[in-house]
Amino acid sequence: MNFLQTPLQSRFNIATHQLDPPFAVIDLDAFDANAADLLRRGHGVPLRLASKSLRVRALQDRAVAAGFTGTLCFTLPEALWLAKFGSDDLVVAYPTVDRKALRELAHSSARERVTVMVDCTEHLDAIAAAGGGPVKVCIDVDAGWRIGLMTIGAKRSPLHDPVHVTNLASEIVSRTGLILDGVMSYEGQIAGVGDRPPGKPLMQLALPILQALSARELARRRAEIVAAVRAIAPLRFVNGGGTGSIERTAAEPAVTEVAAGSGLFGPTLFDTYRAFKPAPAAWFALPVVRKPSPKLATALGGGYPASGAAGRDRLPRPLLPPGLKLDSREGAGEVQTPLVGKAAAALKVGDRVWFRHAKAGELCERFDVVHLIAGNEIVDTVPTYRGEGQTFL
Ligand SMILES: Cc1ncc(COP(=O)(O)O)c(C=O)c1O
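Residues numbered from 1 in each chain as written. Predicted model: local features only at pLDDT ≥ 70, side-chain atom pairs only at ≥ 80, totals over all residues. Heavy atoms only, no water.

Asks: Could you give an account of the nonpolar core, naming the residues involved and the relevant values?
Replies: By size, the foremost hydrophobic cluster in this structure holds 47 residues, and its most contacted members are Ile26, Phe31, Leu59, Phe68, Leu264, Phe265 and Val370. Residues in contact with Leu264, not counting those within four places in the same chain, are Phe31, Asn34, Ala35, Leu38, Leu49, Leu54, Ala63, Phe68 and Ala281. Val116, Val141, Leu180 and Ala233 belong to the second largest nonpolar core, which has 42 residues in total. (Core = buried A, V, L, I, M, F, W, Y, C linked by side-chain atoms within 4.5 Å. Buried < 20%, exposed > 50% of the residue type's maximum accessible area, 1.4 Å probe, protein only. Contact = heavy atoms within 4.5 Å.)

See below:
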């Protein structure tokens, strides 16, 4: 296989020659460059780390050491777990109805470090039912763009207009046991959708326009909402955005911090943005275990599709050696992944193929550890959440 190797491939192969695939690696050179670029794009506005997009505590600590501030967690049990390691400023990005976790939060000192997300009175009731407190809450505001009956954006919070948000804010301040801590709105239609989708020329024309219009609508509405809520209660933070929208969200005066995570790993779904290009930092290697024919090579395992509406863009991509493709009928399989393309013929049993996942932290649900590569060597091997026995979702 040597004659086909790119510099990146030979660097990875040299670093990991003693390992037997399957295994996952993080290229620290790429990770650190991505961290610096994300922070540069924030222009001094703090970046809160979206932990779901890493799911490796050691790398979360590395991002914080690079300049990220606070964590946007994906479940309350995760936040409680991270709090035990000393993390503070943990905001849980999605509402919870986990009675046990709410009881633990309300009756422990974790409540000083953890903020939970709410968007309706049922969420407040669930917190009240846990007793104890006071518990810090953040209001999630719909960032979708409503055009007539249509909404462009994720189906998240029902709170869209300032009056919806101030009604809930007033309800929160009227209840004992709750502290209104922040407001969050995530514009997934901008931050999570690349504006240069390959092979879709019409979308390449339309998306930048739609995203600019949506961003303009949101900036106006977010400013109005934040001013109205601040008239009811002081806010510690106003969170918005994600990897794909950092510069735009950070430029809004009403926003005090931007969330980001995926840009650190640079998965394939983040290859399609005009404004920035993360370096691919997260990879996994699979061994070639058979040759169904001289032109094909089949790798072991590999069926790690990403979440979201199913489609080819959710599948992992075989990228090293260059010139490989997934088989259109089998895709990435549970126990084996046949590879086609001009490089497949040169692959021999025992060779390894390097893949990238479509999304960021989900890769870490497949491996107990990730090997950290710097230059030509593995400098550390650290557990993923899964490797620490933690599967939050
Ligand atoms: C609430 C929230 N904020 C921010 C993000 C952005 O995270 P990332 O930068 O990893 O895309 C997400 C991703 O889904 C999210 O749900």
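Asks: Now, about the pairing of strand 5 (residues 114–118): what can you tell me, with residues and values included?
Replies: Buried residues dominate strand 5, accounting for 5 of its 5 residues. Burial of strand 5 is two-sided: the residues Val114, Val116 and Val118 facing one way and the residues Thr115 and Met117 facing the other way are all buried. Relative to strand 5, strand 4 (residues 90–92) is paired through 2 bridges, and the arrangement is parallel. Bridge pairing in strand 5 places Val91 opposite Thr115. Once the chain exits strand 4 it traverses helix 5 (residues 99–106) before rejoining the sheet at strand 5, and the crossover so formed is right-handed. As defined by bridge partners, strand 5 adjoins strand 6 (residues 135–140) across 4 bridges and the pair is classed as parallel. Across the sheet, residue Val118 finds its bridge partner in strand 6, namely Ile139. Traced from strand 5 through helix 6 (residues 121–129) to strand 6, the parallel crossover comes out right-handed. (Helix = DSSP H or I, 4+ residues; strand = E, 2+ residues; numbered from the N terminus. Pairing = 2+ DSSP bridges. Right-handed = clockwise from strand over helix to strand, strands pointing away.)

Asks: Got a sec to walk through the sheet that holds strand 2 (residues 47–50)? Specific residues and values, please.
Replies: Strand order in this closed barrel of 8 strands is 2-3-4-5-6-9-10-11, and the pairing throughout is parallel. Adjacent strand axes in the sheet meet at a mean angle of 30 degrees when their direction is disregarded. Across the sheet, helix 4 (residues 76–84) touches strand 3 (71–73), strand 4 and strand 5, and the angle it forms with strand 4 is around 170 degrees. Against the sheet, helix 6 engages strand 5, strand 6 and strand 9 (178–185), with an angle of about 140 degrees to strand 5. (Axes fitted to C-alpha atoms, helices over the stretch in contact; angles between N-to-C directions.)

Asks: Please set out unusual backbone geometry residue by residue, giving values where relevant.
Replies: Note that the residue after Gly133, namely Pro134, is joined by a cis bond; omega there is 5 degrees. Along the chain, Pro134 falls in the loop between helix 6 and strand 6. Cis rather than trans, the peptide bond between Leu320 and Pro321 has omega equal to 0 degrees. Of note, Pro321 is situated in the loop between strand 14 (317–320) and strand 15 (325–326). A positive phi angle is found at His43, which is not glycine, with a value near 50 degrees. If you trace the backbone, His43 turns up in the loop between helix 2 (28–41) and strand 2. Backbone geometry at Asp89 places phi at a positive 55 degrees, although glycine is not the residue there.

Asks: Give me the lowdown on helix 3 (residues 57–66), citing residues and values where you can.
Replies: Arg57, Leu59, Gln60 and Ala63 are the residues of helix 3 that are buried. For helix 3, the arc enclosing every buried residue in end-on projection is 165 degrees, short of the 170-degree limit, so these residues lie on one face. Facing away from the buried side of helix 3 by more than 90 degrees, the exposed set consists of Asp61 and Ala65. Immediately beyond the C-terminal end of helix 3, within one or two residues, lies Gly67, with a positive phi of roughly 135 degrees. (Arc of directions from axis to C-beta.)

Asks: I'd like a description of the site of the ligand, backed by residues and values.
Replies: The environment of the ligand is made up of 16 residues, and the closest members are Ser53, Tyr94, Arg156, Thr243 and Ser262. Residue Thr243 places a side-chain N or O atom 2.6 Å away from an oxygen atom belonging to the ligand. Here an oxygen atom of the ligand and a backbone polar atom of Gly261 are 2.9 Å apart. For the ligand, whose unbound accessible area comes to 390 Å², protein coverage reaches 94%. Across the shell around the ligand, the residue classes tally to 8 nonpolar, 6 polar and 2 charged. (Near = heavy atom within 4 Å. Polar contact = N/O pair within 3.5 Å; in protein donor to acceptor, adjacent residues only side chain to side chain. Areas by Shrake-Rupley, 256 points an atom, 1.4 Å probe, with all protein chains shown as cover. Nonpolar A, V, L, I, M, F, W, Y, C, P; charged D, E, K, R; others polar.)

Asks: Can you explain the environment of Ala79? Please cite residues and give values.
Replies: Relative to the elements of secondary structure, Ala79 occurs in helix 4. In this structure the C-alpha to C-alpha distance between Ala79 and Ser51, which are 28 residues apart in sequence, comes to 9.7 Å. The residues touching Ala79, leaving out its near neighbours within four places in the chain, are Cys73, Leu90, Val92 and Val114.

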